[in-house]
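Inside the fold
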Amino acid sequence: MINAVLVFNNNGQPRLTKFYTQLDTSVQQRLISEIFTLVANRPNSSCNFLPLPPLLAGSSTTPSPTAQHNDTPSLVTYRHYATLYFIIISTSTESPLALLDLIQVYVEALDRLFENVCELDLIFNFETLHATLAEMIVGGVVVETGLERVVEGVKSQGRVAKRPTGDSGVGSLGRLGALGREGIWVGR
Amino acid sequence: MFEKSLYDLIRGLRNHKGNEKEYIQESLRECRKEIRSQDMNLKATALLKITYLEMFGYDMSWASFNVLEVMSSQIYGQKKVGYLAAIQSFRPDTEVLMLAENLLKKDLTSPTPVVITLPLVAIPHVVNPSMANSLLSDLLPRLTHSHAAIRKKTIVTLYRLALVYPETLRPAWPKIKERLQDENEDPSVTSAIVNVVCELGWRRPQDFLPLAPRLFDLLVAGGNNWMAIKLIKLFATLTPLEPRLIKKLLPPLTTIIKTTPAMSLLYECIHGIIQGGILDSIEGTTEGEEVARLCVGKLRSMLVVEGDPNLKFVALLAFQKIVTSHPHLVSLHQDVILECIDDPDISIRMRALDLAVGMVNPENVAMIVERLLRQLFEAPVATAADDITNDRGMHNGVEPAADSDDEGAGEALRPAERKSSLPPPLPEEYRVNAIRSILEICSRDTYANLSDFDWYLDVLVKLVKACPTVQPSSTNDDSLSDDSRDNRDISYAIGRELQNVAVRVKSMRTEAAAAAQFLLLTDSRDKLFPAHGNGGRGVLGYCAWIAGEYAPFLTSPEAVLDSLLHSSTTRLPPPTLAISIHAILKLVTHICGSGMTWTPHRRTTTALLLAKTIHFLEPLASHPALEVQERAVEYLELLRLAAEAATGHPASDEAFAEPPLLLTQALPALFTGMELNPVAPGALRKVPPPADIDLDAPINPNLAAILRAAEEDDLSEELQDGFEIFYKQRPEGIAISDSAVSAAARLEAALKSDLSSSYQNPSPVEDDATTARRRAERRERYKDDPFYIASDEDSGSGSQMHRIIKNSNGGEEIDIDAIPIMDLELEHGELLRAAAPAKKKASRRRVEIVADENLGGDGEDASRPDPVRPVPARGKKSVLLVDSSGLGSLSLEGDSGGTLDIEQREAEEKALREVERLRLEMQRASERIQAKEEGVVVRKKKKKRGKEGDAPPVAVEEGVAAKPKKKKRQIDMTDAAVPA
C-alpha cells in the first residue's frame, strides 16, 4: 500500500503532505527534509527510485526471507516536474513502474483542472491538490487511475479556483499537454 | 479588524521574505482569534490557514475542537475544510475523536454523494478500534450505493477499518466478494476491490484461493493494465499454495510478456513468475526452459535496449531475485550486468553490486573483482559537500520561505530534462559496500571460488588504499565488538581476511606474511595507505598478528620489529596496540631465540634489541587502556629478565657458546606449542557439560545465614584489621622493590623468602595473642563465605613478589592431574579439508584450505543454548508502517477462525504508548536538569511537579539526586587529595 504522498519544490518547500498513517508533525517534517536531501542530490539522469531515507531505513526490520511482502515501507518513488518533486512512499505490494505512472496521472489530472498547471496554482489551491489526490488514493489504496474520472470527481465537488491573475506575471507558461502524451510507459 | 484569506496569507508570506517566521507567528495569533469567532465563514478560513501552515510543521493540535466545529458546518465548502483539517492534524491521541463519531455517522448517511465522500476519505486517517466497531453498521450499506465512486471508496475504507478492527471483515467480506463476482460492476470498483484483495492477499493467501477463477478471468479479459499488475502480484502469493494454478497461469502470462507494450505490466509479469516460484516448479521441462529464457531475455533487453535508468533498476531487482535459485541463468548475462556496475547512477550500481555478489563463480570471480577495483581507484573521492548529512536540510529542517514570483514557480510542470552529467564521485557508503562485496565474493564458502591466492593477497593489499576515512568516534574502541567495528571501518574486515588466508591456506603463509610485512613497514606505508585521512588503519592489528605468529616466514623480521617499535605505533587504537605489543614480543623471541653460538657480537645486538623494546614498552605500562597496560607490564618484566640474562651470559668467539636458555628455550616455549587452527563459531557450545556438575545446586546451602551473620558483624573491627592494615599501613618494602631492585634480584629474593617463611609460621607482626585468636575464629566462621576474602596472615611482612610466589606455591598443593580436561579428540576429526573445487581444471592449482574445526556434525547443536547470542529483539516499528498483522489471525472463510484479542492488543498498545510517553518525559526532565544545574530551578520544578500529582516522580528524584551527587564528588576529590 501507499504510505505517503509528498510534493515539494526544488527548495524543499512542501506543497502537499499526505501521510496515510498518523504521524507527529515533527516526524513528518524530518522525513520530508530527509527525502528532499536525498532527491536533491540526484542528477537528472538517475533512476526514479530512492534509497530509503535514514528515518525509514533505521527502523525497518529485516524481512524474513520466506515472506514476500510485509508492512514495512520499502519503496520511495519520485518524479521531477519543472520546479516540483512528487514522491510516493509505499510497501512492496505496489509496482514501482506503476507508481511512476500514477504520479503521471496525478499531474495530468492537475493539468486538466488548472488548464496548464504550474507550481503557483498548487500553492494557492492546496485544497484542490488534496481533493484530486483523494479521488485517486483513499487510505493508501489506489481507487482510481482513469484521468477522466479523477477530473470529473474533483469537479463534482465544486468549481476549481483559478490562480489569482495578479500572480501570473510569468510568461513562460508552456502547455503541459505535451507531457501527457509522452508518458514513459503506456501503462494505462 | 482586517481578516486575511488563505490567498492573503500566502501573498503575505511571499512579501515577507527574510522574516517569514515572525509573519507566520503573527498570522497564527490572528488565526487563534479568528477561529474562536461565531462567524462560521471566518472560522473556516482561519482553519484553512492553519492547515496550510501545518504543512510547514506548525503544530495545530490545539485547534482540534475547532476542526470539529467546522466539520459539522452545514455548508459543504466549510465542511470540506474541516474534514481536510481533520485528516491532516488528527493524531491517535486527539481527544475530540470520540465526539467526531456521531458526525461521521451522520455524514455517511447524507443524501448528497459529495458529502458521503468526505467521511469515507477521512475515516482511514482517524479510525481506532472502538470507532471502527460503531461506524461499521453505517459503512456497510454504502457498499451498494448507486454511485460507483462511493462504492469503491467504501471498500477501501472498510479495508482500513479491518486493519484496526479485523472483525470488520466478518460482515464486510461476503459483501465485498459479491461486488467482485458481479460482472456488471463498474470496472473501476472491481479494480479497487482487486487492490484491496492484493493488500489482504499476502497476509492470508489461503482465504483467497476460492476467488482464483474469477481473478483469472479478470486477468485474461485484460483491458486494465493497472488491475492486471495487481492481479499478477496477487497470483504470485497464491501459486505457492496451489501448484495447479501455475499450469493455468503460464499461457496468459507468456502471452502478456510477448505482446504487451506496457513495460510496467511486462515487468510485473516477469516479477510475478519469479516471485511466485513458477520458475522453480516448471524447471526441467522444455516449457520451463522456454519461459525462463523468455523472462531473462526480456530483462536483458530492459537493461540494454531501452537505456532507461528506471528499467535498468527494476530489471536488476528482478535478476537479484532469480540469482539465488538460478545463478547460471543470470551469469549468462553477466556482460550487461557488469556494465551496470559502472553506471553513473549510484542506485543502479548498488543493485548491480548486490547482483555481482550473487552470480560469482570460479570463472568470473577475477573479472568482477578487477572491475570493482578499477572503479574504486578511478573515481574521484566524494567531498564533504556530497555527503547528504552535511546538507542544510538535515540541520535546519525545512522552513517556509518566501519564494519570489519570478523564481520559476510559474513554470509549467514538465518533466525535468535528463541532462547527461559527469559520473558522480563515489560516496563512501558505496566504497565500503564495494569493498565488502569484494571480500564476500572471494571468501564465500571458505574460498570455494578462489584458486589464485597470490592474486587475492594482492587485491587485499590494494584494497587497503581504497579504504575511506573513518571519523574518530567518541566511543571507546574497547567497547566495540568485531561486527560494529567492521561497520564503522571496513579496513578491519580486510585485515581479518588477510589473517584468514594466513591461517587457513598453509601453502600461502609465506606470501601472507610478506603482505603483512609490506603493510607494516613504515617505509612502504605511504604508498599503501590512503594519502589522506586515516583510512585503512584497521588492517595494522591483523598484520601485526600475522607478523608475530608467523615470524619465521618473514623475510626481514628485524625491519618489521623496527616498524612496530616506531613511535607512531603508540598512537594506534588500544586493541590494535595490544595486538602489536604481543606481536613485538613474539618477534623479539624469534629474532633472539636461535640456537646459534653466543658470540660477543650477538650478545651486543641482542642486548640492544631488548633495550630498544623495553624503551618502547616502558611508557605503555601506564597506558589508559587496561589491556595495553597489562600486556606492557607483563612483557616488560619478561624482557627485563631476558636482558639481564643476555648481558650476564658469558660469550665466546672461538668455541661454541651456549646462548642463554631463557632466550632459546623459555621464551619460545611461550609461543611455539600447537599450531593455531580456525575453530567453528559453534564448536565451543558443543563441548558437552561434565555429567557430575549440577549447576542448580547451591554452592553454599546456608548462604542466607552467612549474609545475615556478616551484617551483624562489627564493622569497625573489620575496618581496623582488614581495610586499615591493607590500605593505610602499606608496608614500605613494596614501593622500594618496585623500581630499584632489578627483576632478577627480585625473583631471587622472592625464592629465598619463599624458602624461609613457611605457610604455618606466624608473621612477626602478629604478636598479640588475642588478635590472633579472634582472627582464627573469624576465619573459621567465614571459611565458606564466597564474599569474604581472607586477609593475608602476613600482611605486614615480605615483598609483593614474595606474596605472589607464596600464594601460588606454598598454598594448597594443586593436583594438576585432578583438573578435569575434556578430550576434544580434535586429531581424529579431519583437520584439513581440501576445499573441493567446483570444476577441476588442469590449470587450476589445488590449494589446501583449512576449514573450521568443529565437534561432531556441522549443524547447530541445540542441546546447549548459546548464552551470549542475543534474543532477536522485536524491531522498532517503521514510522510510516501501517500494521496489518491483526488480519493474520482472522479467517475469512471459516465461521470462527482464530480468536481475536483486539481489546488486549489495544490495551497493550496503549500501555506501550504510555511507556513511551513516560520515557520521553523522563528524558526531557533529565535534559532540563542538565541544562539548568542551578539548584533553585530544580527545586521549583519539583514543586510544580508535586502539584500536578500524576506526573512520575522521576524529575523529582533526578533533582534530588543531582545535588548530593555534586557534593559527594567534592568529598571524593578532597579524599583523593590527601594521600597525594
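Computed from a prediction, not measured in an experiment: that's the story for all the values here. (Residues numbered from 1 in each chain as written. Chains lettered and ligands numbered in written order. Predicted model: local features only at pLDDT ≥ 70, side-chain atom pairs only at ≥ 80, totals over all residues. Heavy atoms only, no water.)

Let us now look at the pattern of salt bridges. According to the stated counting rule, one finds 37 salt bridges over all chains in the structure shown. Here R15(A) ties to E119(A) by a salt bridge, and the two come within 2.9 Å at their closest N and O atoms. Taken together, the positions of R15(A) in strand β2 (residues 14-19) and E119(A) in helix α4 (residues 119-124) put the pair 104 residues apart, joining distant regions of the chain. The same class applies to R15(A) as to E119(A), namely buried. Here the salt bridges share partners, and the residues they tie into one network are E94(A), E199(B) and K230(B). (Salt bridge = Lys/Arg side-chain N within 4 Å of Asp/Glu carboxyl O. Helix = DSSP H or I, 4+ residues; strand = E, 2+ residues; numbered from the N terminus. Buried < 20%, exposed > 50% of the residue type's maximum accessible area, 1.4 Å probe, protein only.)

The pLDDT averaged across chain B works out to 75; a share of 70% of its residues lies at or above 70. Ignoring residues within four places in sequence, the model shows residues 790-799 of chain B, a span with pLDDT below 50, making 12 contacts including any to other chains. (pLDDT = per-residue confidence, 0-100. Contact = heavy atoms within 4.5 Å.)

A few words now on unusual backbone geometry. Residues and elements named next belong to chain A. Notably, A82 is not glycine yet its phi reads approximately 45°, a positive angle. With respect to the secondary-structure elements, A82 resides in the loop between β4 (75-81) and β5 (84-90). Using a relative accessible area of 14% as the deciding quantity, one classes A82 as buried.

Taken together, the side chains of F65(B), M98(B) and L99(B) define a hydrophobic patch exposed on the protein surface, amounting to about 360 Å² of accessible area. As for its placement among the helices and strands, L99(B) is situated in helix α6 (residues 97-108). (Patch = residues over 30% accessible without salt bridge, like charges linked within 9 Å, V, L, I, M, F, W, Y side chains within 5 Å. Areas by Shrake-Rupley, 256 points an atom, 1.4 Å probe, with all protein chains shown as cover.)

It is worth spelling out the packing of aromatic side chains at this point. Applying the stated rule across the entire model yields 15 aromatic pairs over all chains. For the ring pair F126(A) and Y52(B), a centre distance of 5.2 Å and an interplane angle of 80° mean the geometry is edge-to-face. Of this pair, F126(A) sits in helix α5 (residues 126-136) while Y52(B) sits in helix α3 (residues 40-54), placing the two residues on different chains. Taking relative accessible area as the criterion, F126(A) reaches 2% and is therefore assigned buried. Residues W173(B) and F208(B) carry aromatic rings whose centres are separated by 5.2 Å and whose planes lie at 80° to one another, so their mutual orientation is edge-to-face. Separated by 35 residues along the polypeptide, W173(B) in helix α10 (residues 169-181) and F208(B) in the loop between α11 (187-201) and α12 (212-221) bring together distant segments of the chain. In terms of burial, W173(B) and F208(B) fall into one category: buried. Through successive ring pairs, a cluster of aromatic residues spans F8(A), F36(A), Y78(A) and Y85(A). In this structure, R32(B) packs its charged tip against the face of W62(B), placed 4.1 Å from the ring centre. Its guanidinium or amino end placed over the ring of Y430(B), R349(B) lies 5.5 Å from that ring's centre, counting from NZ or CZ. (Phe/Tyr/Trp six-rings, centres within 6.5 Å; stacked < 30°, edge-to-face > 60°. Lys NZ or Arg CZ within 6 Å of the ring centre and 35° of its normal.)

Below, the discussion takes up the sheet that holds strand β1 (residues 2-9) of chain A. All names here are of chain A. The antiparallel open sheet is built from five strands, whose spatial order is β2-β1-β5-β4-β3. The open sheet terminates on both sides in strands that have one partner only, identified here as β2 and β3 (49-50). Across the sheet, α5 is in contact with β1 and β2; its angle to β2 comes to roughly 35°. (Pairing = 2+ DSSP bridges. Axes fitted to C-alpha atoms, helices over the stretch in contact; angles between N-to-C directions.)

Turning our attention to the pairing of β4(A). All names here are of chain A. Of all seven residues in β4, seven are buried, a share of seventy percent or more. Relative to β4, β3 runs antiparallel, the two sharing two bridges. Bridged to F49 within β4 is T77. With seven bridges connecting them, β4 and β5 associate as antiparallel partners. If you follow V76 over to β5, its bridge partner there is I89.

All names here are of chain B. Spanning 15 residues, α3 covers 21 Å between terminal C-alpha atoms, matching the ideal 21 Å at 1.5 Å per step. Of all the 15 residues making up α3, 12 are buried; the element is thus mostly covered by neighbouring parts of the structure. When α3 is considered as a whole, its buried residues turn out to be L42, K43, A44, A46, L47, L48, K49, I50, T51, Y52, L53 and E54. Backbone nitrogen of N41 and a side-chain oxygen of the N-cap are separated by 2.9 Å at the start of α3; the cap is D39. (Expected span 1.5 Å × (residues − 1). Polar contact = N/O pair within 3.5 Å; in protein donor to acceptor, adjacent residues only side chain to side chain.)

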